[in-house]
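# Examining the three-dimensional arrangement
This is what each chain is made of:
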Amino acid sequence: MATRPPPEGKPWELAAHPRLAKGKVVGVVVLDGWGEAPPDPFNYIHVAETPTLDALKKGAPERWRLIKAHGTAVGLPTDDDMGNSEVGHNALGAGQIYAQGAKLVDLALSSGKIYEGEGFKYIQQSFENGTLHLIGLLSDGGVHSRFDQLQLLLKGASEHGAKRIRVHVLTDGRDVLDGSSVRFVEMLEEDLSRLRDKGVNARIASGGGRMYVTMDRYENDWQVVKRGWDAHVLGEAPHKFKSALEAVKKLREDPKANDQYLPPFVIVDESGKPVGPVQDGDTVVTFNFRADRMVMLAKALEYENFDKFDRVRFPKIRYAGMLQYDGELKLPSHYLVAPPQIERTSGEYLARNGVRIYACSETVKFGHVTFFWNGNRSGYFNPSLEKYEEIPSDIGIPFNVQPKMKALEIAQKARDAILSRKFDQVRVNIANGDMVGHTGDIEATIVGCKATDEAVKIILEAIEQVGGIFILTADHGNAEDMAKRDKSGKPLRDKDGKVQTLTSHTLNPVSALSSVKVPIAIGGPGLAPGVRFRKDLPCTGLANVAATVMNLHGFEAPDHYEPTLIEVVGN
């Protein structure tokens with residue numbers, strides 16, 4: 001693991017690489033949700049027609065390899081933690097491994113420092129007379145939240161003065177098994193019952209499925225957030241139940257029900273009155289540690305001037321996030337755990353060294369190729385050298401209905417940027433493997449993978465025309481294995497004998513040490529003949545990519561970065 005960044009006083013100027021020239025256009029392509037797995041009927045990257053990407057793998061073995069994209073390689077607590085797009089792009093852009101999301105929260109909770117911080121002291125001021133509301137994903141998937149962290153927060157808050165607690169649960173079914181909502185609600189109810197035995201008024205107040213209620217991202221559909229606002233804050237929803245367990249069981253009786261898309265519900269008392277709307281003087285904590293699907297709710301909770309939907313009322317509350325979800329927007333302004341200070345990212349280094357950068361993706365991944373790549377920082381480092389372009393994702397159309405998404409449009413924008421010769425780096429994210437893979441639609445995922453390959457072809461052809469270089473990799477796995485499996489690797493089947501579809505990111509359960517690796521390939525006519533991947537670095541990950549990209553631009557990487565993946569052999 002790299003050391004921490006050097007002091008601010010250290011110069012930003014990068015040394016010239018002794019053997020690699022500057023001035024070549026470098027195409028940086030990130031395939032989202034594109035892991036590597038053996039050929040298999042449920043490896044839909046393998047099943048799909050992907051001749052361009054197949055050729056990279058088979059054509060030059062010294063310029064194609066695998067790197068880690070999960071666990072400790074991206075700053076997560078253990079190698080049993082699956083990767084995700086946020087930590088993946090942080091590592092890709094930072095060139096360093098930082099403690100991330102869950103790990104930061106784990107450290108704060110285990111040490112008790114979370115209760116000593118300014119964020120907790122801020123919300124604690126409302127405990128005497130107000131209600132503590134906890135809103136977040138009820139899951140142990142470790143991608144957006146973790147159930148054990150919620151349990152510790154409930155225990156710690158009650159021990160530090162919270163007398164009345166309401167939990168607003170968002171069911172998962174995406175990062176964990178569909179149907180597991182019942183088990184999580186049962187466990188949460190047991191915890192709340194124990195708190196009530198100790199004199200704490202603790203109940204579940206509202207809920208809904210994560211993809212239909214509250215957890216939208218990138219301002220794709222504000223109605224998702226409004227449904228959550230109505231249920232969590234106003235105590236209004238089309239479905240009312242006496243308990244959350246009754247709610248999830250009843251709502252799942254619909255043959256088409258899925259934890260991801262459960263409709264909003266509120267819990268009511270014997271008189272039909274909601275048990276936990278948010279009132280003046282209350283405090284709210286959003287307990288997800290991952291940022292992207294909490295930012296929109298954070299805006300609704302924090303911004304006085306808010307016009308995305310009619311909030312009906314805007315209670316005067318104390319609000320804090322588990323983490324700060326947007327460092328540039330300072331949102332939320334209060335948070336329980338300080339974010340990692342990701343400094344001296346590759347994007348900032350390159351901008352300070354005159355490298356002209358173009359970055360593009362569609363809405364659902366635009367933040368990854370910009371904000372997360374740049375160390376959780378919005379905006380440009382140097383507006384005169386950089387251009388970021390967002391292609392609007394389809395609104396209101398499921399990704400499996402439009403599985404090509406905007407892959408070809410992104411590729412065309414990248415092609416135009418490359419051929420314009422106005423940029424030294426053209427960086428894109430192509431999202432199909434991840435977003436379509438999450439739907440669990442097999443045929444649509446195959447179409448999405450094929451579209452990804454076609455997009456890559458367009459970009460590589462443009463690189464060929466300008467005599468440039470490409471580096472292609474991924475942020476985590478998804479479409480390479482869409483079957484739920486037992487520990488021996490055999491697909492799990494339902495009661496009808498059908499293979500159960502996996503909709504989450506991947507983490508290989510077969511080996512003693514869970515793992516997921518993604519491909520990385522380099523090439524292009526501008527790549528010096530002697531460049532190849534090093535053989536002396538068997539254990540590498542996404543954080544090694546930044547130094548590699550710097551080399552391809554003709555620079556040596558800073559000495560505090562994870563080492564480059566490439567070397568130059570021969571004359």
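Residues numbered from 1 in each chain as written. Predicted model: local features only at pLDDT ≥ 70, side-chain atom pairs only at ≥ 80, totals over all residues. Heavy atoms only, no water.

Counted only if it meets this: UniProt positions are given in the numbering used here, feature names are shortened, and annotations may be inferred rather than shown by experiment.
In the annotation of an unreviewed UniProt entry, the protein is listed under the name phosphoglycerate mutase (2,3-diphosphoglycerate-independent) and assigned to Digitaria exilis. As its UniProt record puts it under Pathway (unreviewed entry), the protein is described as follows: "Carbohydrate degradation; glycolysis; pyruvate from D-glyceraldehyde 3-phosphate: step 3/5."

### A word on the UniProt feature "binding site: Mn(2+) 2" (unreviewed entry) in the protein
Using the following cut-off: Here a strand is any run of E in DSSP of at least two residues, a helix any run of H or I of at least four, and the numbering for each starts at the N terminus. Exposed residues in this analysis have more than 50% of their type's maximum accessible area, buried residues have under 20%, and partly exposed residues fall in between, with area computed by a 1.4 Å probe over protein chains only. A contact between two residues is defined here by any heavy atoms of the two lying within 4.5 Å.
Those residues carrying the UniProt feature "binding site: Mn(2+) 2" (unreviewed entry) are Asp32, Ser85, Asp475 and His476 in this numbering. A maximum C-alpha distance of 7.3 Å among these annotated residues, which run over 445 residues, shows that they cluster at one spot. Note that Asp32 resides in the loop between strand S1 (26-31) and helix H1 (44-47). Judged by its relative accessible area of 0%, Asp32 falls in the buried class. Discounting chain neighbours no more than four positions away, the residues touching Asp32 are Ser85, His89, Lys365, Asn429, Ile430, Ala431, Gly433, Asp434, Asp475 and His476.

### As for the packing of aromatic side chains
Heads up, the condition is: Any two of the Phe, Tyr and Trp rings considered here, Trp counted by its six-membered ring, make a pair once their centres fall within 6.5 Å; the pair's planes then place it as stacked at under 30 degrees, edge-to-face at over 60, or tilted in between. Consider the ring centre and the ring normal. A charge sits over the ring if Lys NZ or Arg CZ is within 6 Å of that centre and within 35 degrees of that normal.
A full pass over the atoms with the stated rule returns 13 aromatic pairs. Measuring from centroid to centroid gives 5.9 Å for Tyr349 and Tyr561, while their planes differ by 85°, and the two rings are edge-to-face. One end of the pair, Tyr349, is in helix H11 (residues 346-352); the other, Tyr561, is in the loop between helix H16 (545-552) and strand S17 (566-568), with 212 residues separating them in the sequence. Judged by its relative accessible area of 2%, Tyr349 falls in the buried class. Through a chain of ring-to-ring contacts, three or more aromatic side chains come together here, namely Trp222, Trp229, Phe306 and Phe309. Geometry around Phe314 places Arg311 over its ring, the cationic atom sitting 3.9 Å from the centre. The positively charged end of Arg344 is found above the aromatic ring belonging to Trp12, 4.1 Å away from the centroid.

### Some points on the nonpolar core
Put simply, the test is: Buried Ala, Val, Leu, Ile, Met, Phe, Trp, Tyr and Cys residues form a nonpolar core when they are joined through side-chain atoms within 4.5 Å.
Leu134, Leu154, Ile165, Leu188, Met322, Leu336 and Val337 are the most contacted members of the largest nonpolar core, which has 78 residues in total. Counting 71 residues, the second largest nonpolar core, distinct from the first, contains Leu56, Ile410, Ile446 and Val466.

### What to know about helix H9 (residues 244-251)
We count it as follows: This arc is built from the directions going out from the helix axis to the C-beta atoms.
Of the positions making up H9, those classed as buried are Ala244, Ala247, Val248 and Leu251. Seen along its axis, H9 keeps its buried residues to an arc of 85°; they face one direction. As for H9, its buried residues are in contact with strand S4 (164-171), helix H7 (181-197), strand S5 (201-209), strand S6 (239-241) and strand S7 (265-267).

### Looking at the packing of helix H4 (residues 101-111) against helix H6 (residues 147-159)
Quick reminder of the rule: Here an angle of 0 to 180 degrees is reported between the N-to-C directions of two axes, which are lines fitted to C-alpha atoms, with helices fitted over the stretch in contact. To sort the angles, those under 35 degrees are grouped as roughly parallel, those over 145 as roughly antiparallel, those from 65 to 115 as roughly perpendicular, and the leftovers as oblique. Put simply, a crossing is left-handed when the front helix is turned counterclockwise from the back one by less than a right angle, and right-handed when it is turned clockwise. When residue character is reported, Ala, Val, Leu, Ile, Met, Phe, Trp, Tyr, Cys and Pro are called nonpolar, Asp, Glu, Lys and Arg charged, and the others, Gly included, polar.
Where H4 contacts H6, the axes come no closer than 11 Å and their chain directions differ by 30°. In terms of orientation, H4 and H6 fall into the roughly parallel class. Between H4 and H6 lies a crossing of left-handed hand. Two secondary-structure elements touch here, H4 through Ala102, Val105, Asp106 and Leu109 and H6 through Gln149, Leu152 and Leu153. In the contact of H4 with H6, the residues fall into 5 nonpolar, 1 polar and 1 charged.

### Things to note about the domain arrangement of the protein
Test applied: Reported domain spans reflect what an automatic or database domain assignment gives. Here the quantity called buried area is the accessible surface, traced with a 1.4 Å probe, that two parts lose on coming together, added over both. Salt bridge, as used here, is a side-chain nitrogen of Lys or Arg placed within 4 Å of a carboxyl oxygen of Asp or Glu. Whenever two N or O atoms come within 3.5 Å, that pair is a polar contact, provided that in protein one can donate a hydrogen and the other can accept it, and provided that, for residues adjacent in sequence, both atoms are side-chain atoms.
In terms of domain boundaries, the protein breaks down into domain 1 (26-100 + 341-568) and domain 2 (102-337). Domain 1 puts 27 residues into the contact, and the matching count from domain 2 is 23 residues. With both sides pooled, the region where domain 1 packs onto domain 2 buries about 2000 Å², and carbon together with sulfur makes up 53% of that total. If you look at where domain 1 meets domain 2, you find 1 salt bridge. Residues Arg290 and Glu86 are paired through a salt bridge, measuring 2.4 Å at the closest nitrogen-oxygen approach. Taken together, the links from domain 1 to domain 2 amount to 4 residue pairs in polar contact (both at pLDDT 80 or more). The greatest single-element share of the side of domain 1 that touches domain 2, amounting to 7 residues, is contributed by helix H12 (residues 363-372). Here the side of domain 1 that touches domain 2 is composed, by residue class, of 9 nonpolar, 13 polar and 5 charged.

### Let's talk about the sheet that holds strand S2 (residues 64-68)
Using the following cut-off: By definition, two strands form a pair when at least two bridges between them are found by DSSP.
Across the sheet, which stays open at both edges, the 7 strands sit in the order S2-S15-S14-S1-S13-S11-S12 with mixed pairing between neighbours. Edge strands, defined here as strands with exactly one partner in the open sheet, are S2 and strand S12 (386-391). Ignoring strand direction, the axes of neighbouring strands in this sheet form an average angle of 15°. Judged from the 6 bridges that link them, strand S11 (residues 357-362) and S12 form a sheet pairing that is parallel. Pairing of Ile357 across the sheet is with Glu386, part of S12. On top of the sheet, H16 reaches S1, S2, strand S13 (425-430), strand S14 (469-474) and strand S15 (517-523); it is set at about 170° to S14, its chief contact.

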